[in-house]
Amino acid sequence: MAEAAEVAGEELASAAEHAGEEAAYANGGEYINHHLQFLTYGKHPEGYPDAGHWGFAHTEEEATDMGFWSIHVDTMGLSLVTGLIFIALFMTVSRKVTSGVPGGLQNLVEAIVELVQSSVKTTFQGHNDFIGPLALTIFCWIFLMNMLDLVPVDLIPLAAQGIAGDSHLFFKAVPTTDVNITAGLSLSVFLLILFYSVKVKGVGGFLGELAFQPFGKWALPLNLVMELPAFLAKPVSLALRLFGNLFAGEVIFLIIGLLGYWQAFLHIPWAIFHLLVIPLQAYLFMMLTIVYLNQAHQHH
Amino acid sequence: MNLNATIIGQIIAFFLFAWFCSAYVWPPIVKALADRQKKIADGLEAATRAGKDLELAQDRATEMLRDAKTNAAGIIDQANKRANQIVDEAKDKAREEGLRIKAGAQAEIEQQVSQAREHLRQQVAVLAVAGAEKILQSSVDAKAHGELLNKLAASL
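Below you will find a few notes about this structure.

Examining the packing of aromatic side chains
1) Next: Taken as a whole, this structure holds 19 aromatic pairs over all chains when the rule is applied.
2) Next: Aromatic pair phenylalanine 139 of chain A and phenylalanine 143 of chain A: ring centres 6.2 Å apart, planes at 20°, arrangement stacked. Here phenylalanine 139 of chain A pairs with phenylalanine 143 of chain A, and both are found in helix 6 (residues 131-147), just 4 residues apart, close to one helical turn.
3) Next: Under the relative-accessibility criterion, phenylalanine 143 of chain A is labelled partly exposed at 27%.
4) Next: Members of the aromatic cluster, joined through ring pairs, are Trp141 of chain A together with Phe14, Phe15 and Phe17 of chain B.

Right under this line is the structure:
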């Protein structure tokens, strides 16, 4: 992805300028790079202005140097906004839901709920009333966050820059192109896997599954070597699959954005293609969550 | 790609949203769906039952119609039989009446014959006496020959 950005940057810098793109960007590479930076809030580290005080990072290096105790205000904020949109949309329906003839919005919500419900029913064999709402939250929330990828890549950052009055403000719009967001989701699922594994099988049963399978107790080290990576790979693969797909899509949108007037011919096909990726990735995340939690509920 | 506290924020947000969804969003919607499913199932069952009822009613109607036809045929049959019987009875009665009238007439005829015979008998005796008187030119003592004359009359 980085090479692609570089090549595109060198070739298309003039095109970007010609098209009247932000004059602030020296070339296409800088344009893309700027769009991939987060609005990071944290304690200004040593060697930077206002060291020791809390504030927004001004450069990429400063954001990195802020360390773990800083937060991406842009992706976190939009993640909360999309989550609240989901809750508000579904709350308005569930407040006046009727078993009679459903109205327009209730139809939409019911279709989604039934999709989730049938997925849970066919995949999840245990009894747990939390799996359904959990899967619904994951599907709708990720779907809405991914949908932000279809908003023109410059629109939300430009709006944020306009509001802040700072034409150099970093602002990344799509939460699922932030590995922190996807990792937060997958770690939550991982915590639920741990919780339900221990709850259903007990600590001994859960550790026994890792230690005494598949080759019995005399091959305990071998079992651990096989089972532990497979277990730990679940949250990593969940997080990186979602992040990778959406990040790649975002970068392609940015490269297309460098093409000046020609971008319309590529933008639309790529957006249409992305229409497949957005629900697919949300659905995959939901299904894998159900599958993993199903494994956590089953005795082997 | 910095890992930072955004992860923690996202985890907290995730559990809040998931809890909220499981507490306030999911149950009413799922309940409404289940209710509607039950309603539809009940409706379909009622429709099936109504169809069965209709079939039964039609069967019963057909049966009743068949019974009615059989009954009607029976009644007509009976009526015909009865009519024949009445005609036969009337014939029998008429025949009997005829026979009776005939018997009465014959009895009367016989009575009249015997009356006429009696009358004749009496007259024969008188005629015979008168004839004999004329022949003998003398009166015959009716008393003396009465017995003889009565014997003659009885032999006629």
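So that's the structure; there's more coming.
Looking at the side chain of threonine 75 of chain A
1) Next: Tracing the sequence through the fold places threonine 75 of chain A in helix 4 (residues 73-95).
2) Next: Threonine 75 of chain A gets classed as buried once you look at its relative accessible area, which sits at 0%.
3) Next: Setting aside anything within four residues of it in sequence, one finds threonine 75 of chain A in contact with Phe38, Lys172, Val174, Pro175, Asp178 and Ile181 of chain A together with Thr6 of chain B.

Concerning the packing of helix 8 (residues 179-211) of chain A against helix 9 (residues 220-257) of chain A
Residues and elements named next belong to chain A.
1) Next: For the pair helix 8 and helix 9, interaxial distance at closest approach is 7 Å and the crossing angle is 155°. Overall, the two elements helix 8 and helix 9 adopt an arrangement that is roughly antiparallel. Of the two possible hands of crossing, helix 8 and helix 9 adopt the one that is right-handed.
2) Next: Along the lines of polarity and charge, the residues of the contact of helix 8 with helix 9 split into 21 nonpolar, 3 polar and 3 charged.

Describing the pattern of salt bridges
Close approach of charged atoms lets side chains of opposite charge pair.
1) Next: For the structure on display, the rule yields 8 salt bridges over all chains.
2) Next: Where arginine 36 of chain B meets glutamate 110 of chain A, a salt bridge forms, and the shortest distance between an N and an O atom there is 2.8 Å. Placement of the pair is arginine 36 of chain B in helix 1 (residues 6-136) and glutamate 110 of chain A in helix 5 (residues 104-123), with the two residues belonging to separate chains.
3) Next: Look at glutamate 110 of chain A and you get buried, because its relative accessible area is 5%.
4) Next: Between glutamate 209 of chain A and lysine 201 of chain A there is a salt bridge, and its shortest N-O distance comes to 2.9 Å. Here glutamate 209 of chain A matches lysine 201 of chain A in class, with each residue buried.

What to know about the sheet that holds strand 2 (residues 54-56) of chain A
All names here are of chain A.
1) Next: What the 3 strands build is an open sheet, ordered 2-1-3; its pairing is antiparallel. Edge positions in the open sheet fall to strand 2 and strand 3 (70-72), since each of these has one partner strand only. Averaged over all adjacent pairs, the angle separating strand axes in this sheet is 15°, with direction ignored.
2) Next: One ladder, built from 3 bridges, connects strand 1 (residues 40-43) with strand 3; its direction is antiparallel. Looking at strand 3, one finds that threonine 40 is bridged to histidine 72.
3) Next: The strands touched by helix 4 within the sheet are strand 1, strand 2 and strand 3, with strand 3 carrying the most contacts at an inclination of about 55°.

Overview of empty space enclosed by the protein
Residue and element names in this part refer to chain A.
1) Next: Inspection of every chain in the model, using the stated rule, returns 3 cavities of 30 Å³ or more.
2) Next: As a volume, the largest cavity reaches approximately 90 Å³.
3) Next: Lining the largest cavity are 13 residues, and of these Val151, Val153, Ala173, Val174 and Glu250 lie nearest its centre.
4) Next: When contributions to the lining of the largest cavity are tallied by element, the ones reaching two or more residues are helix 7 (155-164) and helix 9.
5) Next: The residue inventory of the lining of the largest cavity, partitioned by class, reads 10 nonpolar, 1 polar and 2 charged.

Conventions used here
Residues numbered from 1 in each chain as written. Chains lettered and ligands numbered in written order. Predicted model: local features only at pLDDT ≥ 70, side-chain atom pairs only at ≥ 80, totals over all residues. Heavy atoms only, no water. Phe/Tyr/Trp six-rings, centres within 6.5 Å; stacked < 30°, edge-to-face > 60°. Helix = DSSP H or I, 4+ residues; strand = E, 2+ residues; numbered from the N terminus. Buried < 20%, exposed > 50% of the residue type's maximum accessible area, 1.4 Å probe, protein only. Contact = heavy atoms within 4.5 Å. Axes fitted to C-alpha atoms, helices over the stretch in contact; angles between N-to-C directions. Parallel < 35°, antiparallel > 145°, perpendicular 65-115°, else oblique. Left-handed = near helix turned anticlockwise from the far one by under 90°. Nonpolar A, V, L, I, M, F, W, Y, C, P; charged D, E, K, R; others polar. Salt bridge = Lys/Arg side-chain N within 4 Å of Asp/Glu carboxyl O. Pairing = 2+ DSSP bridges. 1 Å grid on protein atoms, 1.4 Å probe; cavity = no way out; pocket = protein on both sides within 12 Å on 5 of 7 lines; lining within 4 Å. Points joined across faces, edges and corners; volume = space filled by probe spheres on them.

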